[in-house]
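Structure at a glance
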Amino acid sequence: EGRTYYCPLGRRSVDLCDEPGFSSRFRLFLTGRQHLDEKDLLHQLVPELMPPTFHSVESARQYAAELMNDEDNAKLIWFVKAVNQNGGRAVKVTNELPEKIDTNEQIQLHVPRPLLFGESQVKFHVKSYQHISCDSDGNWNVYLYDMFYIATAPQPWSADDLSDEAQISSMRTHRLYIDDEFQKTWNIAKLVQSNIIKLMERAVQQGKLHRATTATADQTNDNKVKSSPLQFEIISADWMLDQDGKIYLIECNGTPVLYDPTSPKKQALTTPGLQLYDRLYQEDPENAVVNDTVIIREALRLALRGRVPPKSLWKHLVTIPARGH
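These notes cover the structure that comes with them. Only a predicted model underlies this, so the values are computations on that prediction, with no experimental measurement involved.

1. Focus on the overall build of the chain
Check the secondary structure of the chain and you find nine helices and 14 strands. Across the 325 residues that make up the chain, the buried fraction comes to 45%. In the chain, once contacts between residues fewer than 6 apart in sequence are set aside, the share between residues at least 24 apart is 64%. Surface exposure of the chain reaches about 17400 Å², of which carbon and sulfur atoms provide 48%.

2. Examining helix α9 (residues 293-305)
Look at α9: 18 Å from first C-alpha to last across 13 residues, which is about the 18 Å you get at 1.5 Å a residue. Check the buried side of α9 and you find it contacts β1 (26-28), β6 (122-134), β7 (140-145), β8 (147-156), β12 (230-241) and β14 (314-320). Within two residues after α9, G306 carries a phi angle of roughly 80°, on the positive side.

3. Some remarks on the nonpolar core
Residues W140, M200 and L249 are the most contacted members of the largest nonpolar core, which totals 40 residues. Contributions of two or more residues to this core are made by α2 (39-45), β6, β7, β8, α7 (188-205), β12, β13 (247-253) and β14. Considering each element in turn, this core owes the most residues, eight residues, to α7. Aside from chain neighbours lying at most four places away, what touches L249 is L42, V46, L49, M50, P51, A237, D238 and W239.

4. Quick notes on empty space enclosed by the protein
Considering all chains together, one arrives at one cavity of 30 Å³ or more under this definition. The space that makes up the largest cavity amounts to roughly 40 Å³. Forming the walls of the largest cavity are L36, Q130, I132, I196, L199, M200, I235, A237 and C252.

5. Comments concerning the side chain of K127
Within the secondary structure, K127 sits in strand β6. One polar contact links K127 to D238, side chain to side chain, over a distance of 2.7 Å.

6. Observations concerning the pairing of β12
Taken across its twelve residues, β12 has eleven buried, putting it largely inside the fold. Bridging between β1 and β12 involves three bridges; their strand directions are parallel. Pairing of L28 across the sheet is with F232, part of β12. Bridging between β6 and β12 involves nine bridges; their strand directions are antiparallel. Bridge pairing links S133 to F232 in β12. Two elements, β12 and β13, share six bridges in a ladder whose sense is antiparallel. Of the residues in β13, the one forming a bridge with L241 is I247. Linking β12 back to β13 in an antiparallel pair, the connection comprises five residues, with G245 at a positive phi of about 90°.

7. Observations regarding the pattern of salt bridges
Where charged atoms from two side chains of opposite charge come close, those side chains can pair. Under the defined criterion, the tally for this structure stands at ten salt bridges. Residue R172 pairs with D292 through a salt bridge whose shortest N-O separation is 2.9 Å. Of the two residues, R172 sits in strand β9 (residues 171-177) while D292 sits in the loop between α8 (272-283) and α9, which places them 120 residues apart along the sequence. Among the residues examined, D292 registers a relative accessible area of 0% and is labelled buried. For E283, the salt bridge identified is with R279, shortest N-O distance 3.2 Å. Taken as a pair, E283 and R279 lie in helix α8 at a separation of four residues, close to a single helical turn. For E283, a relative accessible area of 54% corresponds to the exposed category. We classify R279 as partly exposed; its relative accessible area is 44%.

Criteria and thresholds
Residues numbered from 1 in each chain as written. Predicted model: local features only at pLDDT ≥ 70, side-chain atom pairs only at ≥ 80, totals over all residues. Heavy atoms only, no water. Helix = DSSP H or I, 4+ residues; strand = E, 2+ residues; numbered from the N terminus. Buried < 20%, exposed > 50% of the residue type's maximum accessible area, 1.4 Å probe, protein only. Contact = heavy atoms within 4.5 Å. Areas by Shrake-Rupley, 256 points an atom, 1.4 Å probe, with all protein chains shown as cover. Expected span 1.5 Å × (residues − 1). Core = buried A, V, L, I, M, F, W, Y, C linked by side-chain atoms within 4.5 Å. 1 Å grid on protein atoms, 1.4 Å probe; cavity = no way out; pocket = protein on both sides within 12 Å on 5 of 7 lines; lining within 4 Å. Points joined across faces, edges and corners; volume = space filled by probe spheres on them. Polar contact = N/O pair within 3.5 Å; in protein donor to acceptor, adjacent residues only side chain to side chain. Pairing = 2+ DSSP bridges. Salt bridge = Lys/Arg side-chain N within 4 Å of Asp/Glu carboxyl O.

This is the structure:
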């Protein structure tokens, strides 16, 4: 009928993520986001923040040989991870280095003497959420959600138990607020804050993350001009601690699993985690640990309006000027 539809799917309703550049002013997903989301590129960016990580079996063998004698090497735990996938299904746990790995895999040594959680002494990691945006001038703003999650493994940890139930901590089971004694004892908030700042400053300074440009029509002369829409994204980060209080960055997730039970269009429960969170919420909405409605809505408000409610847990962490400024 002579109408122009800017959505690639025409008149159909689509999710926000189906069309990242959903207007000339805003863009979902960061330009260069693969340097945060893909494990090998993340390791190249901040190797000192992560456990010993290797891109070949040979380099892992050499490290193991230098670390301790052959008899003790059998006690080491290794993770073989797909670099471009997240979640427990992308991880293989072993105490023997493989003969070879695929080009899209890397090998990571288990955190030594891991700090364990609760009376049952299970393995855990801390999950933080970051709201990252870049304005039209190339300046980056990072907000950190002032509440963390603890994700735990189902069974107590043991170096001799290589099962996923003991070694993979994928499900969020506890909230961790700033005034929580566990958080204060291990100084988790300050450690996460300083490391996120280091990660983001390096990513911007090295040009891994950069301003987005979009060609738009100049209505006065029918030429194409380049504009820079505001780009934004919620990214999660997984952290582990050892018994000495050292914190390790395990991975970042560019598409974190977020559960919104209040969405008018029922969320597709595409992962075991979402299915579990939905079941627990339906059983007891008031006491369900995972309900990401506020995280999502306030993050969108921050991106689209530039502000959050006064009592929001989204706290500004750092502004990083455009590269070269």
